[in-house]
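Geometric and topological summary
Here are the chains, one letter per residue:
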Amino acid sequence: MISLERITFYLSERKIHTPMTPASPSSPADLLISEVGPRDGLQSISAVMSTAAKCRWIDALAAAGLREIEVGSFVSPKLLPQLADTAAVVQHALRHPGLRVMALVPNLRGAQAALAAGVHKITLPVSASEAHSLANVRKTHAEMLDELCAVVQRVRAHNATAPTPVGVEVGLSTAFGCTLQGVVPQDAVIRLALACAEAGVDEVGLSDTTGMANPAQVRRLFRRLQQELGERAGAAHLHNTRGLGLANALAALDVGVRAFDSSLAGLGGCPYAPGASGNVVTEDLVFMFEAMGLRTGVDLDGLLRARAVLREALPDEPLYGMVPEAGLPQGFSPTH
Ligand code: ZN
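Numbers given for residues are sequential positions, taken from 1 along each chain in its written order. Given that the model is predicted, a residue must reach a pLDDT of at least 70 before its local features are reported, and side-chain atom pairs must reach 80 or more before they are shown or counted; all residues, however, enter totals for whole chains, interfaces and linings. Side-chain numbers here rest on the full set of heavy atoms in the structure, without hydrogens or water.

Another point: the overall build of the chain. A count of helical and extended segments in the chain gives 13 helices and eight strands. Residue exposure (1.4 Å probe, protein chains only): buried if accessible area is under 20% of the type maximum, exposed if over 50%, otherwise partly exposed. Scored against the burial criterion, the 336 residues of the chain give a buried share of 57%. Taking contacts inside the chain between residues at least 6 apart in sequence as the whole, the part at least 24 apart equals 77%. Computed with a 1.4 Å probe, the accessible areas rest on the Shrake-Rupley method; for each residue, only the protein chains presented here act as cover. Carbon and sulfur atoms make up 55% of the accessible area of the chain, which totals about 13200 Å². Helix and strand definitions here come from DSSP, where helices need a minimum of 4 consecutive H or I residues and strands a minimum of 2 consecutive E residues; each element is numbered from the N-terminal end. When checking whether two residues touch, look at their non-hydrogen atoms; a contact exists if any pair is within 4.5 Å.

Structure follows, in structure tokens:
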């Protein structure tokens, strides 16, 4: 029996990305959209997608121009049977040149499996709320930081002989509020982010795991994160639980965030708000940025094709998104 708490933890967000780079004529994009559906989405629904369908979906996502995909999670198959085939999915995703293949790992054991599978980046979820951390992984912050240090050491040993170094990122889940603890003080989030950076991770991002963030809070916390961590300040992983996903993404953009997690069709729903999308919807996020004249490198028609692949694979699952429902506006042309 999988407890809701543990599922919630693994839902807990993460993600780190390439540091923001200024646009230039040779730069293909202004922003990085990191697709998390194959991990974040699939782990939060009960249906199990076949390996073949996951591979078709990832192919369609890569064809749409997504440059980073979190393809799965190296956790116990007993805990998350939906992601038991992550190693095989990684193997398949690695065929796409130019695609950064990421996986979530909760601990050293998962990191070892991820390295063996050949991922480009691993990401660890660290709960900003200690109550959340204790409830879900039965680890205090200090114990989780020990685990993180062990993972970093292992990855460094791997990188010493690897042709291409593997990156390590942390996503601070419940950074904007926690259903167990309630308010998560900003200072506590920043202290933990600094501790993760000191442990040697490449980037630390912030995740609105419970969909509690508002735009003013997003501005404040990302500004602080950037002041304290500089280029090691990572991505925004936002949820649309209360309808503020895009508003929060815009707030993060305003203060200089250039990497965003999102999920095709907002896959995964949300345990806290039935009928609301969980993750920010990739189609809507890409549309917003492209309509603003910002290059994402992602093709909206390609996303709609990927959505059709997803629909076929999960016919009973609700798919979210306003742009796919309404269609692109007349005369709309994406930014190139
Ligand atoms: Zn999420």
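This next bit is on the nonpolar core. A general tendency of soluble globular proteins is for nonpolar side chains to be buried together. One finds Ile122, Val170, Leu172, Leu206, Phe222, Phe260 and Leu310 to be the most contacted residues of the largest nonpolar core, which totals 91 residues. With seven residues, helix α8 (residues 186–199) is the largest single contributor of residues to this core. Here leucine 310 is in contact with Met49, Trp57, Leu264, Ala265, Leu267 and Leu319, once residues within four sequence places are set aside. The set of buried Ala, Val, Leu, Ile, Met, Phe, Trp, Tyr and Cys residues whose side-chain atoms join them within 4.5 Å is what this entry labels a nonpolar core.

For the rest of this paragraph, the subject is the sheet that holds strand β1 (residues 32–35). One closed barrel accounts for eight strands, arranged β1-β2-β3-β4-β5-β6-β7-β8; its pairing is parallel. Sheet twist, expressed as the mean angle between neighbouring strand axes with direction ignored, is 30 degrees. Each axis is a line fitted through C-alpha atoms, taken for helices only over the stretch in contact, and angles between the N-to-C directions span 0 to 180 degrees. The sheet contacts of α8 involve β4 (121–127), β5 (167–173) and β6 (203–207), and relative to β5 the element is tilted by about 165 degrees. In the packing of helix α9 (residues 215–229) onto the sheet, the strands contacted are β6 and β7 (233–237), and the crossing angle to β7 comes to about 160 degrees. Strand pairing requires that DSSP identify at least two bridges connecting the strands.

What follows concerns unusual backbone geometry. Positive phi, normally seen in glycine, also occurs at threonine 174, with a value near 55 degrees. Relative to the helices and strands, threonine 174 is located in the loop between β5 and α8. Overall, threonine 174 belongs to the buried group, its relative accessible area being 0%. You will see that alanine 265, though not glycine, has its phi angle at about 60 degrees, which is positive. Structurally, alanine 265 can be placed in the loop between β8 (259–262) and α11 (282–291).

Positionally, valine 280 belongs in the loop between β8 and α11. Residue classification places valine 280 among the buried positions, given a relative accessible area of 3%. In sequence terms valine 280 and leucine 246 are 34 residues apart; their C-alpha atoms lie 7.1 Å from each other. Those residues in contact with valine 280 that sit more than four places away from it in its chain are Leu238, His239, Asn240, Gly245, Leu246, Asp261, Ser262, Ser263 and Leu285.

Burial analysis of β7 places five of its five residues in the buried class, which makes it a mostly covered element. Note that β6 and β7 share three bridges and pair parallel. Bridge pairing in β7 places leucine 206 opposite alanine 236. Handedness of a crossover is defined as follows: with both strands directed away from the viewer, a clockwise route from the first strand across the helix to the second makes it right-handed. With respect to chirality, the unit in which β6 leads through α9 into the neighbouring parallel β7 is right-handed. As paired strands, β7 and β8 are joined by two bridges and run parallel to one another.

With that settled, the discussion passes to the environment of aspartate 59. With respect to the element layout, aspartate 59 can be found in helix α3 (residues 51–63). When the C-alpha positions of aspartate 59 and alanine 306 are compared, they lie 8.3 Å apart, and in sequence the two are 247 residues distant.

What follows is about the packing of helix α10 (residues 245–254) against α11. Packed helix pairs are specified by the crossing angle of their axes together with the interaxial distance, meaning the distance between the axes. As a packed pair, α10 and α11 sit with axes 11 Å apart at the nearest point and diverge in direction by 45 degrees. The orientation of α10 relative to α11 falls into the category oblique. You can see that α10 and α11 cross each other, and the crossing is right-handed. Here Leu246, Ala249, Leu250 and Leu253 of α10 lie close against α11, whose contacting residues are Asp284, Leu285, Met288 and Phe289. Here the residues of the contact of α10 with α11 are counted per class, giving seven nonpolar, no polar and one charged. Any angle that is under 35 degrees is reported as roughly parallel, and any over 145 degrees as roughly antiparallel; angles of 65 to 115 degrees are reported as roughly perpendicular and all others as oblique. Helix crossings get a hand from a simple test, with the near helix turned counterclockwise from the far one by less than a right angle marking a left-handed crossing and a clockwise turn marking a right-handed one. Any residue that is not Ala, Val, Leu, Ile, Met, Phe, Trp, Tyr, Cys, Pro, Asp, Glu, Lys or Arg is counted as polar, Gly included; the first ten are nonpolar and the last four charged.

Geometric values such as these leave the question of function open.
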